[in-house]
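# Fold and geometry: a report
For reference, the chains in residue letters:
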Amino acid sequence: MAWSIHHVNLEARNVAQTARFYTEILGMTLGTWAFPETRGYLPGDPDKLALLGDGREGHTGLHLIAPDPEFAAKNNMAHNPSIGGHVALQVDDLDGVIARLTAAGVPHSVTGEFAIPGLRHVYVEDPEGNLLEINGRLRPVPAPVRHIVLCQIKPTISQADIDALWAKLEALRNAVPDMGRVRAGPNTSPEGAARGYTHAITIDFEASAARDAYLSHPDHIAAGAELVAMCVGGADGICVLDI
């Protein structure tokens, strides 16, 4: 059975203060939670829930949640994932896991798509009492998109201005779900085949819909205009490819 760690969920009595520790001290980025239409009882206020994404998928990484004694009962579950923290594993055969848990008589809580779009969950304790969340996909994995931008930036543009533009693009992760981190910098290839392009930007998106949301966002359009002004020949100094 194929599996991976999807996220780690930590209990946080003060979610906002704890999130600031991870962003300001550890340098993580605060993301935006996307709820499914079949959302269960899951308070999403900034003082109740925080997502610190790792860029792999929309909700992978670190979750912070305020302890809520009513969480289990309101979701018709025997386990309360808001208290004590848990590790979430993603598997390719959740039905097989459920069948083995049932056959072994291990108490577990099965949910539908109630917290994260496209996933259903099983909550169970291991023999040492560690709470696990086990996730399985409800539908096929969307095809990811890698967005590639090649730039011929004018030699008169300062590094500070270039860094400021990269930061504006990175900040869009707070507004665009399923957007990976921005990788940007000067060309370092030793092959001598850059053809005038001095810098490159790559961004991974979970699916084309996330890429489209990024492209149409007003902050991206404004940053794009800044990039055009920085490049030799304006728009002619930019090449964009998606794969």
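Please read these numbers as outputs of a predicted model, since none were measured by experiment. (Residues numbered from 1 in each chain as written. Predicted model: local features only at pLDDT ≥ 70, side-chain atom pairs only at ≥ 80, totals over all residues. Heavy atoms only, no water.)

## Let's talk about the pattern of salt bridges
Inclusion rule: Salt bridges are counted wherever a side-chain nitrogen of Lys or Arg sits within 4 Å of a carboxyl oxygen of Asp or Glu. Runs of H or I in DSSP of at least four residues are treated as helices and runs of E of at least two as strands, each being numbered from the N terminus. Per-residue accessibility, obtained with a 1.4 Å probe over protein chains only, is compared with the maximum for each type, and a residue is labelled buried under 20%, exposed over 50%, and partly exposed between these values.
Under the definition given, this model contains nine salt bridges. For Arg-56, the salt bridge identified is with Asp-54, shortest N-O distance 2.7 Å. For Asp-242, the salt bridge goes to Arg-211, with nearest N and O atoms at 2.7 Å. Taken as a pair, Asp-242 in strand E11 (residues 238-242) and Arg-211 in helix H5 (residues 208-216) lie far apart in primary sequence, 31 residues in all. Residue Arg-211 is classed as buried on the basis of its relative accessible area of 15%. Through salt bridges with shared partners, a single ionic network connects Arg-211, Asp-212 and Asp-242.

## Observations regarding unusual backbone geometry
The phi angle at Asn-76 is positive, at roughly 55°, despite the residue not being glycine. Locating Asn-76 in the fold gives a position in the loop between helix H2 (71-74) and strand E4 (86-91). Note on Asn-76: relative accessible area 71%, which makes it exposed. The backbone of Arg-195 sits at a positive phi, close to 55°, despite the residue not being glycine.

## Brief notes about the sheet that holds E11
Each strand in a sheet pairs with another by means of backbone hydrogen bonds, the pair being arranged parallel or else antiparallel. The following threshold applies: A pair of strands is labelled paired if DSSP reports no fewer than 2 bridges between them. In this description, a line fitted to the C-alpha atoms serves as the axis of each element, helices being fitted only across the stretch in contact, and the angle between N-to-C directions of two axes falls anywhere from 0 to 180 degrees. In this analysis, two residues are considered to be in contact whenever any of their non-hydrogen atoms come within 4.5 Å of each other.
Strand order in the open sheet formed by four strands is E9-E10-E8-E11, and the pairing between neighbours is antiparallel. Unpaired on one side and paired on the other, strand E9 (179-186) and E11 mark the two borders of the sheet. Neighbouring strand axes in the sheet, compared pairwise and without regard to direction, differ in orientation by 10° on average. Sheet analysis places E9 next to strand E10 (residues 199-205), joined by six bridges and oriented antiparallel. Counterpart to Val-182 in the pairing with E10 is Ile-203. Running over the sheet, helix H4 (residues 159-171) touches E9 and E10 and is turned about 170° from E9.

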